[in-house]
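So the chains spell out like this:
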Amino acid sequence: MSEVVSELVRFITTIIGILGLPPAEIAVRVFLAIAGAVIVYLGYKKYLEPLIMIPMGLGMIIANLAFIPGTGPGSGNPHVDYNFTDWSAIWYYWLQPFYTLMFSNGLIACLVFFGIGSLTDITFLMARPYVSFILAAFAELGTILTLPIAAAFFGFTPKQAASIALIGGADGPIVLFASAKLLDLPRELNLFVAINVVGYLYLSILYMFQEKLDELTIPKKLLATPMDIRGLPKISPKEKIVFSVVIAAVLSALFPTASPLILSFFLGVIVREARVNRYVRLLDEVVLDFSTFILALVLGTLITPQTLFNVLVLKVLALGIIALTLSSIGGSIGGIIAYYISRGRLNPLLGPAGVSCVPTTAKISHKVATKYNPRNYLITFAMGPNVAGVITTAILASIYMALFA
Amino acid sequence: MGVLVDALLSYITLFAVAVIIALLVSVIRKVIRYVGGGE
């Protein structure tokens, strides 16, 4: 009788792989699957970014419940093997080409940047260049301070600390690109996954806490500061194209490790300004959407107990929130200084808009400004520091890669 | 200590580059308006 039972158990655990795992791992996997379901729901309800959260959440659910014993070096993941080296097994993991050929070398981040560039209007950045770039630099405070904090108080190596600190730049593709270069993959894949999942999760919830943070850090009477759009100079497409070519060349020469991101972003901008509409449609509607979808799906299928469930994640969760909060405070400090230097002509909310989550933080600054002064129309001005923030984050990523990679 | 120094130097570099880029924008706009083709 006992032989029949043991045969039955063997039969069932061979077919349903997850049942052959230790009870503790099954519990963790079920927990992660439920977390994935919550993420899908929050994406569906638009509380979190649906473009990222729906594919990532479903990937999480499936990757944790589908376990195949004996595949890969212990991962059992039928979608992607994070430790993949045996090319004869490429037929087995359907998402492997995306991970091996697009994630680990940062290509997927560049594809997203093509699309972001093709959607970005740099008019406001060029209309107020000093204000835009200096406020964006202030809003990198978290990216700067989290580096020594992570190294000194959380025990991370400089490479790891730099990867985590870049969450403060609030730019998902840059975090992915730089962490892929800075970390020793696949050995540190758990940290790579944690940083990118936490980064994207925080970018999604930024909308919820940034507004309160702006109101806490900037005096209420300053939040209502009006700004007159009639004072903005017009910028021609020719000026924008020349600027993009010159800045892309200069920045690539100064910061070669970030030149793939710089090239991708400014190529998108130039295609848009040159009105090469077929490319604009390609980059915006195909490349950006496809790469975002694949990025979220692969990231989701990588969230398994082997890659995520350890103490590192808790540290990254804490440091991610520290980095974004400090960046926002840095932006507010810059905004308040700009307000006084300009003798009240600049609304301090332009500062936190320099946290480069395009266009979320600019929209939040606009929302807060209209709350305190319904006649205020800040979004036009806020897009300047917002877009400059993408460039300053890319610069810092390059400096960190040059220093620590 | 080394990481702290690196972080501070990175911030100083970032501000310097930010000013240089802003300066370049002003120069580019002036040159283009001078040779024609601006607004």
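Cut-offs used in this document
Residues numbered from 1 in each chain as written. Chains lettered and ligands numbered in written order. Predicted model: local features only at pLDDT ≥ 70, side-chain atom pairs only at ≥ 80, totals over all residues. Helix = DSSP H or I, 4+ residues; strand = E, 2+ residues; numbered from the N terminus. Buried ≥ 20, exposed ≤ 12 C-beta atoms within 10 Å, placed from the backbone. Contact = placed C-beta atoms within 7 Å. Nonpolar A, V, L, I, M, F, W, Y, C, P; charged D, E, K, R; others polar. Expected span 1.5 Å × (residues − 1). Bend = angle between axes of the 7 residues up to and from the residue. Domains from an automatic or database assignment. Core = buried A, V, L, I, M, F, W, Y, C linked by C-beta atoms within 7 Å. Axes fitted to C-alpha atoms, helices over the stretch in contact; angles between N-to-C directions. Parallel < 35°, antiparallel > 145°, perpendicular 65-115°, else oblique. Left-handed = near helix turned anticlockwise from the far one by under 90°.

Undergrad: I tried to follow the overall build of chain A on my own but got confused; where do I start?
TA: Across its full length, chain A holds 19 helices and zero strands. Each principal axis of the C-alpha atoms in chain A carries an extent, and together these give about 90 × 45 × 40 Å. Taken over 405 residues, chain A has a buried fraction of 55%. Once local pairs closer than 6 in sequence are excluded, the contacts in chain A between residues at least 24 apart make up 73%.

Undergrad: Quick question: what am I supposed to make of the interface of chain B and chain A here?
TA: A common way to report how large an interface is uses the accessible area buried once the components associate. The interface of chain B with chain A comprises 22 residues on the first partner and 29 residues on the second. Partitioning the side of chain B that touches chain A into residue classes produces 14 nonpolar, five polar and three charged.

Undergrad: I keep staring at helix α11 (residues 189-217) of chain A and nothing clicks. Help me out?
TA: Compared with the 42 Å implied by 1.5 Å per residue over 29 residues, the 36 Å span of α11(A) between its first and last C-alpha is markedly short. At A:Leu206, α11(A) is deflected by roughly 55°, the largest bend along its length.

Undergrad: Honestly, the domain arrangement of chain A in this entry has me stumped. Any pointers?
TA: All names here are of chain A. Each domain of chain A was delimited in the assignment, giving domain 1 (1-78) and domain 2 (99-404). One C-alpha centre belongs to domain 1, the other to domain 2; they are set 33 Å apart. Among the secondary structure elements, those contributing two or more residues to the side of domain 1 that touches domain 2 are α2 (23-44) and α3 (50-65). Its residues assigned to classes, the side of domain 1 that touches domain 2 shows eleven nonpolar, seven polar and three charged.

Undergrad: Help me understand the nonpolar core in this model?
TA: Note on soluble globular proteins: their nonpolar side chains tend to be buried together. Residues and elements named next belong to chain A. Core analysis: the largest hydrophobic core is formed by 144 residues, its most contacted members being Ile-167, Leu-261, Val-298 and Ala-397. Looking at which element gives the most residues to this core, the answer is helix α19 (residues 379-404), with 14 residues. When residues of this core are sorted by domain, at least three fall in each of domain 1 (1-78) and domain 2 (99-404). Filtering out sequence-adjacent residues up to four positions away, Val-298 remains in contact with Val-80, Leu-95, Phe-98, Tyr-99 and Phe-103.

Undergrad: I keep staring at helix α17 (residues 311-341) of chain A and nothing clicks. Help me out?
TA: Every α-helix winds through 3.6 residues per turn, so residues three or four apart in the chain are directed the same way. The terminal C-alpha atoms of α17(A) lie 45 Å apart, and with 31 residues this matches the ideal 45 Å at 1.5 Å per residue to within 8%. Where α17(A) terminates, the next one or two residues include A:Arg343, which has phi positive at roughly 55°.

Undergrad: I keep staring at unusual backbone geometry and nothing clicks. Help me out?
TA: All names here are of chain A. Phi is positive for Lys-46, which is not a glycine, with a value near 70°. Relative to the helices and strands, Lys-46 resides in the loop between α2 and α3. A positive phi angle is found at Arg-343, which is not glycine, with a value near 55°. Its location among the elements puts Arg-343 in the loop between α17 and α18 (360-372).

Undergrad: Is there a simple way to explain the packing of α11(A) against α18(A) in this structure?
TA: Packed helices, taken two at a time, are described by their axes: the angle between them and the distance between them. All names here are of chain A. In the contact formed by α11 and α18, the axes pass within 10 Å of each other and the chain directions differ by 45°. Classified by the angle between their axes, α11 and α18 sit oblique to one another. Viewed along their axes, α11 and α18 form a crossing whose handedness is right-handed. Residues Leu-206, Tyr-207, Gln-210, Glu-211, Asp-214 and Glu-215 of α11 lie in contact with α18, whose contacting residues are Thr-360, Thr-361, Ile-364, Ser-365, Lys-367 and Val-368. Per-class residue counts for the contact of α11 with α18 are four nonpolar, four polar and four charged.

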